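The primary structure of each chain is shown beneath.
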Amino acid sequence: MPGKYTLVKHFWISCAHRVPGAGKCERLHGHNYKVTFCVEGHELDEQQMLIDFRQVKHAIEEKYDHHLLNEFPEFDPEQGGHAPTTEKVAEVFFLAIEELCRQKENRPSVKWVEVEETNEAYARYERV
């Protein structure tokens, strides 16, 4: 029976957002988000990795770090997106990592993504 590899990595990004209908969070504010992801797979790539976690971190950082999330279509209800709640941020990051996994020959899969907004609150997104 073949084994399975699991990779868990976290990194930090800083983003601003507003969440309509969420009390004081309707006002512009920011977070240092702790993003943790889990990737699984049965085969390693030519570098003996499931996925290069630096590539995952770079993809998320390059697009979202030090930006106002509400300006992205995926977080703008007027452009077909959803307000950037912690839950939706976790889902969007999951989808971005899933796309990176699809591009790899060894076909790892993202199991879940957690986005910690504060020391007291985080959201996890995973497929069921």
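The shown structure was predicted, so the numbers you read here are calculated from the model rather than taken from an experiment.

Parameters at a glance
- Residues numbered from 1 in each chain as written.
- Predicted model: local features only at pLDDT ≥ 70, side-chain atom pairs only at ≥ 80, totals over all residues.
- Heavy atoms only, no water.
- Pairing = 2+ DSSP bridges.
- Helix = DSSP H or I, 4+ residues; strand = E, 2+ residues; numbered from the N terminus.
- Contact = heavy atoms within 4.5 Å.
- Axes fitted to C-alpha atoms, helices over the stretch in contact; angles between N-to-C directions.
- Buried < 20%, exposed > 50% of the residue type's maximum accessible area, 1.4 Å probe, protein only.
- Polar contact = N/O pair within 3.5 Å; in protein donor to acceptor, adjacent residues only side chain to side chain.
- Core = buried A, V, L, I, M, F, W, Y, C linked by side-chain atoms within 4.5 Å.

K.L.:
Please provide a residue-by-residue account of the sheet that holds strand β1 (residues 5-17), values included.
P.N.:
With mixed pairing, five strands are arranged side by side in an open sheet as β3-β1-β2-β4-β5. In the strand order of this sheet, the two ends are held by β3 (67-68) and β5 (121-126), each with one partner. Pairing between β1 and β3: two bridges, direction parallel. Within β3, the position partnered with A16 by the bridge is L68. Sheet strands touched by helix α1 (residues 53-64): β1, β2 (29-41) and β3. Its angle to β1, the strand with the most contacts, is close to 15°. On the sheet, helix α2 (residues 86-102) packs against β1, β2, β4 (109-118) and β5 and is oriented at approximately 145° with respect to β4.

K.L.:
Lay out the environment of T6 with the relevant residues and their values.
P.N.:
Following the sequence through the fold, T6 ends up in strand β1. On the basis of relative accessible area, T6 is assigned to the partly exposed category, the value being 48%. Separated by 110 residues in sequence, T6 and E116 place their C-alpha atoms 21 Å apart. Each residue touching T6, except ones within four places of it in the same chain, is listed here: C38, V39, E40 and L50.

K.L.:
Hey, could you go over the environment of E87 for me, with residue numbers and the actual values?
P.N.:
Topologically, E87 is positioned in helix α2. The sequence separation of E87 and Y125 amounts to 38 residues, and the corresponding C-alpha distance is 7.0 Å.

K.L.:
Requested: an account of unusual backbone geometry, with residues and values cited.
P.N.:
Phi at Q48 takes a positive value of approximately 65°, unusual for a residue other than glycine. Here Q48 is to be found in the loop between β2 and α1. Looking at Q48, the relative accessible area reads 57%, which means it is exposed. Here H66, not a glycine, exhibits a phi torsion of approximately 60°, which is positive. With respect to the helices and strands, the residue H66 is situated in the loop between α1 and β3. Look at H66 and you get exposed, because its relative accessible area is 63%.

K.L.:
Please set out the side chain of D52 residue by residue, giving values where relevant.
P.N.:
Take D52: it is sitting in the loop between β2 and α1. A polar side-chain atom of D52 sits 2.9 Å from a polar atom in the side chain of R54.

K.L.:
Explain the nonpolar core residue by residue, including any values.
P.N.:
In this structure, I13, Y33, F37, Y64, F93, I97 and V113 are the most contacted members of the largest nonpolar core, which totals 27 residues. Secondary-structure elements contributing two or more residues to this core are β1, β2, α1, α2 and β4. The greatest single-element share of this core, amounting to eight residues, is contributed by α2.

K.L.:
Talk me through the pairing of β5; I want residue IDs and the actual numbers.
P.N.:
Alignment of β4 against β5, held across six bridges, turns out to be antiparallel. Across the sheet, residue W112 finds its bridge partner in β5, namely E126. Counting the residues that bridge the hairpin from β4 to β5 gives two residues.

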